[in-house]
Amino acid sequence: MNNIRLVKKRLMFSVAEDSYFLTYNIILILGLLQCINDKYLKDSNKIALLVTIIEKPQNIEVVRKVLNDKALNEYDKNVLFDMYYNSRLRVRSVISIIFSLDKKEIINVRKSGKTIDISLTGSNIYEKFISKTIFKDDVKAYEDIFSHVNKFKNIVYHTFDSVIFKGIKEEVWDI
């Protein structure tokens, strides 16, 4: 498992802004949720938070605590604060990559009211990704989140945000 993490780290120049990291996560998320062709992920802003969750093991562990309604300590709350602000800062990069992938006809983009909804144009690229064991930890983390958040594919970002950050919501400054 450590070798896989080292290889992934070599693939990523800067986790915070790396387009490869964001691109493969967009594809994994859409494929796992079976958002292919005419089945869309509502509100692409959720992707920035999902990617922020899986970028660090401590983020995953704290989110598991939140999703399982376990008590949070100060360290956990600090991790949530970092995740909150980092995910907000990442939204613009994710949107930029989404529109690049749309131009390359890898994903479909649909404006729906106040949200940007997305889907893969086909399952081929996702099937290539999912066959690689390098992504198995990410897949497991995503599946865990999706199983705990009702109707994840159809909720808007603010609903997902309120589930993850419910323990610190009163203390967060909106940006």
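In what follows, the accompanying structure is described. What you see is a predicted model; the values in this text were computed from it and never measured.

1. Quick word on unusual backbone geometry
(1) Moving on: The backbone of E105 shows a phi angle near 60°, a positive value even though the residue is not glycine.
(2) Moving on: In this fold, E105 is placed in the loop between α5 (74-103) and β1 (107-112).
(3) Moving on: Since its relative accessible area comes to 63%, E105 is described here as exposed.
(4) Moving on: Of note in the backbone geometry, K151 takes a positive phi value of approximately 50° without being a glycine.
(5) Moving on: Here K151 is to be found in the loop between α7 (136-148) and α8 (157-164).

2. Details of the packing of aromatic side chains
(1) Moving on: Scanning the model with the defined rule gives 8 aromatic pairs in all.
(2) Moving on: Each ring, one from Y84 and one from Y85, has its centre 5.0 Å from the other, and the planes form 85°; the classification is edge-to-face.
(3) Moving on: The exposure class assigned to Y84 is buried, which follows from its relative accessible area of 1%.
(4) Moving on: Note on Y85: relative accessible area 24%, which makes it partly exposed.
(5) Moving on: Look at Y84 and F165: their rings are 5.1 Å apart centre to centre, the planes differ by 85°, and that puts the pair in the edge-to-face class. Linking Y84 in helix α5 with F165 in the segment after α8, this pair joins segments that are 81 residues apart in sequence. Each member of the pair, Y84 as well as F165, is classed as buried.
(6) Moving on: Here the aromatic residues F21, Y24, F129 and F135 are joined through ring pairs into a cluster of three or more.

Conventions adopted
Within any chain, residue numbers begin from 1 and follow the written order of that chain's sequence. Local features are withheld for residues below a pLDDT of 70 in this predicted model, meaning they are given only at 70 or higher, and side-chain atom pairs are given and counted only at 80 or more; totals for whole chains, interfaces and linings count all residues. For the side-chain quantities, the full set of heavy atoms in the structure was used; hydrogens and water were omitted. A run of H or I in DSSP becomes a helix once it reaches four residues, and a run of E becomes a strand once it reaches two; helices and strands are each numbered from the N terminus. Only protein chains enter the calculation, and the probe is 1.4 Å; a residue is then buried if its accessible area is under 20% of its type maximum, exposed if over 50%, and partly exposed in between. Stacked, tilted and edge-to-face are the three classes applied to pairs of Phe, Tyr and Trp rings, where Trp contributes its six-membered ring and a pair requires centres within 6.5 Å; stacked means planes under 30 degrees apart, edge-to-face means over 60, and tilted covers the rest.

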